[in-house]
Amino acid sequence: MDLAFNDLLPHFKTVGSDLYTRGMVSVHGGNLSLKQGTSLCITRSGSRLGYLEESDLIVTGVDKDDENTRKASSELGVHRAIYTKTLSTAIVHSHPIHATALSFRSDKIFPQDEAGKIFIPTVPVIGFGSEPVPGGFAAEVAEALKTNAVVIVHKHGSFARGMTLEEAYVITELLEISCRILYMLEAMKR
Ligand SMILES: [Zn+2]
């Protein structure tokens, strides 16, 4: 592992484990990355976020391929686009169930709970009406993350940005809680 990323495994492990135990990714779902300078450290393709080891962390270029690039998550292109278009240094991609379900229905989500209204008042749904493909909508996701902390890709999952993995995780959890509440409010109307 690249020396610059030496101390980062505990952060990947904690956030990966929290995402898995809170049901926001399946065993092999989701991916995490951190950027330092012109390099990024991203979870390996097919890694289990709930049980990350050092060998699951792949260091490659933000805008240059090298011998490690092929081992990186299939969403690498989206992570690279986000780092290129924003000042963020951490990305959490997950598949939160309620947020993903609501992404089937409209091109924007408006949280109604207090925390959601303050921190993520509007959540864009990227690619609404199109079928999702792995690594797809990179430019659209990155563009939307210039002004939003989190977005959802239609029928797929969320991309949250931050300066640390923990910060991007908190936004992801906030999104899922807000979407769970929205879902419950709808259910109570029936
Ligand atoms: Zn995904």
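This text follows the structure it describes.
Residues numbered from 1 in each chain as written. Predicted model: local features only at pLDDT ≥ 70, side-chain atom pairs only at ≥ 80, totals over all residues.

Across its full length, the protein carries 6 helices and 8 strands. Listing every helix and strand of the protein by position from the N terminus yields α-β-β-β-α-β-α-β-α-β-α-β-β-α. The C-alpha atoms of the protein give 16 Å as radius of gyration, which agrees with the globular expectation for 190 residues (16 Å, within 12%). For the protein, the share of sequence-separated contacts (at least 6 apart) that also reach a separation of at least 24 residues comes to 65%. (Helix = DSSP H or I, 4+ residues; strand = E, 2+ residues; numbered from the N terminus. Rg over C-alpha atoms; globule rule 2.2 N^0.38 Å. Contact = placed C-beta atoms within 7 Å.)

Across the 10 residues that make up helix α2 (residues 76-85), a large majority, 7, are buried. All buried positions along α2 are accounted for by L76, V78, H79, R80, A81, I82 and Y83. Buried residues along α2 sit in contact with β1 (31-36), β2 (39-43), β4 (90-94), α5 (138-144) and β8 (157-162). (Buried ≥ 20, exposed ≤ 12 C-beta atoms within 10 Å, placed from the backbone.)

Before going further, it helps to examine the sheet that holds β4. Read across the open sheet, the 8 strands follow the order β3-β2-β1-β4-β8-β7-β6-β5; overall the sheet is mixed. The open sheet has two free edges, formed respectively by β3 (57-61) and β5 (108-109), since each of these has just one partner strand. Here strand β7 (residues 150-153) pairs with β8 via 4 bridges, running antiparallel. Counted as the bridge partner of V150 is A160 from β8. Across the sheet, helix α1 (residues 9-21) is in contact with β1, β3 and β4; its angle to β1 comes to roughly 155 degrees. (Pairing = 2+ DSSP bridges. Axes fitted to C-alpha atoms, helices over the stretch in contact; angles between N-to-C directions.)

A few words on the environment of V151. For V151, the location among the structural elements is in strand β7. When the 26 C-beta atoms within 10 Å are taken as the criterion, V151 is described as buried. Expressed as a C-alpha distance, the spacing of V151 and P134, which sit 17 residues apart in the sequence, is 16 Å. Setting aside anything within four residues of it in sequence, one finds V151 in contact with V123, P124, I126, V141, A144, L145, S158 and F159.

What follows is about the environment of F110. In this fold, F110 is placed in the loop between β5 and α4 (114-119). Separated by 72 residues in the primary sequence, F110 and L182 have C-alpha atoms spaced 8.7 Å apart.

The next thing to look at is the packing of α1 against helix α6 (residues 165-189). A pair of packed helices can be characterised by two numbers: the angle between their axes and the separation between those axes. Contact pair α1 / α6: the axes reach a minimum separation of 10 Å and the direction vectors enclose 10 degrees. Our classification of the angle between α1 and α6 gives roughly parallel. When you trace α1 past α6, the crossing you get is left-handed. Contacts between α1 and α6 involve H11, F12, V15, D18 and L19 from the first element and L165, E166 and Y169 from the second. (Parallel < 35°, antiparallel > 145°, perpendicular 65-115°, else oblique. Left-handed = near helix turned anticlockwise from the far one by under 90°.)

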